[in-house]
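Structural characterization, general
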Amino acid sequence: MSLKTKRLIFGILFSFFFLYTIAVDTIGTSKDDGERWLTEKAKKGKLVFQEYNCTACHQIYGLGGYMGPDLTNVISTPGKGPIYAKAFLQAGSQRMPNFQLSEEKMEELIEFLTYIDKTGISPVKKFKTNFDGTISEATK
Ligand code: HEC
């Protein structure tokens, strides 16, 4: 192979390397951190959640009290959802107090729980490593 051909191959490979490096450095990574779900109403709901100390009995993202169920995904769990959650807020239960919340506060709480639902999964998913180095969700 002549020196000229070698230089040509090197030049082509180097240009590809150069362009690829620029692309990797500038494209960046995009992620949805769920901030768009934190609406003004959801922020108010967070304050209501703190005011009534819901976390004394409930967990969010797996943290909190253990008397009541984890609320992280109550909005998207099949068979539950916003109407189901609101029913508990309206009437309480034998073990959960009825806080006599106004309609507005209940709506704000539901919006906050929707934000929580969009930003977390609880319990955390378990993954297993496959023989080829990829991961997949572990089946129980
Ligand atoms: C004194 C403890 C206690 C407090 C405080 C409390 N809860 Fe509960 N909550 C419970 C219990 C216990 C349950 C389970 C229902 C049952 O067994 O009666 C429950 C159930 C729920 C459910 C249904 C969850 C499901 O997955 O079935 C929602 C939604 C809920 N609570 C929201 C709230 C919110 C919002 C607050 C704050 C305003 C709150 N709770 C405050 C004890 C509490």
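Summarised in this report is the structure supplied together with it. If you're wondering where the values come from, they're calculated on a predicted model, not measured in any experiment. (Residues numbered from 1 in each chain as written. Predicted model: local features only at pLDDT ≥ 70, side-chain atom pairs only at ≥ 80, totals over all residues. Heavy atoms only, no water.)

Attention now goes to the coordination of the iron atom of the ligand. Those protein atoms acting as donors to the iron atom of the ligand are His-58 (NE2) and Met-96 (SD), and they sit at 1.9 to 2.1 Å. If you look at the iron atom of the ligand, its six donor atoms make angles of 84 to 178° with each other, and the shape they trace is octahedral. Highlighted residues: His-58 in the loop between helix H2 (40–51) and strand S1 (59–60) and Met-96 in the loop between helix H3 (82–91) and helix H4 (103–119), separated in sequence by 38 residues. For His-58, a relative accessible area of 11% corresponds to the buried category. On the basis of relative accessible area, Met-96 is assigned to the buried category, the value being 18%. (Donors = N, O, S within 2.8 Å, 3.2 Å for Na, K, Ca; no water. Tetrahedral: all angles 85-135°; square planar, octahedral: opposite > 155°, others 65-115°. Helix = DSSP H or I, 4+ residues; strand = E, 2+ residues; numbered from the N terminus. Buried < 20%, exposed > 50% of the residue type's maximum accessible area, 1.4 Å probe, protein only.)

Counting 19 residues, the largest nonpolar core has Phe-49, Ile-75, Leu-89, Leu-101, Leu-109, Phe-112 and Leu-113 as its most contacted members. At the level of elements, H2, H3 and H4 are the ones that each hand at least two residues to this core. At seven residues, the largest contribution of residues to this core is made by H4. When near neighbours in sequence (up to four residues on either side) are disregarded, Leu-101 contacts Val-48, Tyr-52, Leu-89, Met-106 and Leu-109. (Core = buried A, V, L, I, M, F, W, Y, C linked by side-chain atoms within 4.5 Å. Contact = heavy atoms within 4.5 Å.)

The computed volume of the largest pocket comes to approximately 530 Å³. Taken together, 28 residues make up the lining of the largest pocket; nearest its centre are His-58, Pro-69, Leu-71, Phe-88 and Met-96. The dominant element in the lining of the largest pocket, judged by the number of residues it contributes, is H3, at four residues. Of the residues assigned to the lining of the largest pocket, the class counts are 19 nonpolar, six polar and three charged. (1 Å grid on protein atoms, 1.4 Å probe; cavity = no way out; pocket = protein on both sides within 12 Å on 5 of 7 lines; lining within 4 Å. Points joined across faces, edges and corners; volume = space filled by probe spheres on them. Nonpolar A, V, L, I, M, F, W, Y, C, P; charged D, E, K, R; others polar.)

In the vicinity of the ligand, 20 residues are found, and the nearest of them are Cys-54, Cys-57, His-58, Ser-93 and Met-96. Tyr-84 places a side-chain nitrogen or oxygen 2.5 Å from an oxygen atom of the ligand. Here an oxygen atom of the ligand sits 2.4 Å away from a polar atom, N or O, in the side chain of Ser-93. Judged by the proximity of its atoms to the pocket grid, the ligand belongs to the largest pocket. (Near = heavy atom within 4 Å. Polar contact = N/O pair within 3.5 Å; in protein donor to acceptor, adjacent residues only side chain to side chain. Sits in = over half its atoms within 2 Å of the grid points.)

This part takes up the pattern of salt bridges. Any two side chains of opposite charge can pair, so long as their charged atoms come close to each other. Per the stated rule, a full pass over the model turns up five salt bridges. Of the charged contacts in the structure, one is a salt bridge between Glu-40 and Lys-43, with a shortest N-O distance of 3.4 Å. One end of the pair is Glu-40 and the other is Lys-43, both in helix H2 and three residues apart, which spans about a single turn. Since its relative accessible area comes to 55%, Glu-40 is described here as exposed. A relative accessible area of 38% means that Lys-43 is categorised as partly exposed. In this structure, the salt-bridge partner of Lys-86 is Glu-107, at a minimum N-O distance of 3.0 Å. Highlighted residues: Lys-86 in helix H3 and Glu-107 in helix H4, separated in sequence by 21 residues. Owing to a relative accessible area of 17%, Lys-86 belongs among the buried residues under this scheme. In the salt-bridge network here, residues are joined through shared partners; they are Lys-86, Glu-103 and Glu-107. (Salt bridge = Lys/Arg side-chain N within 4 Å of Asp/Glu carboxyl O.)

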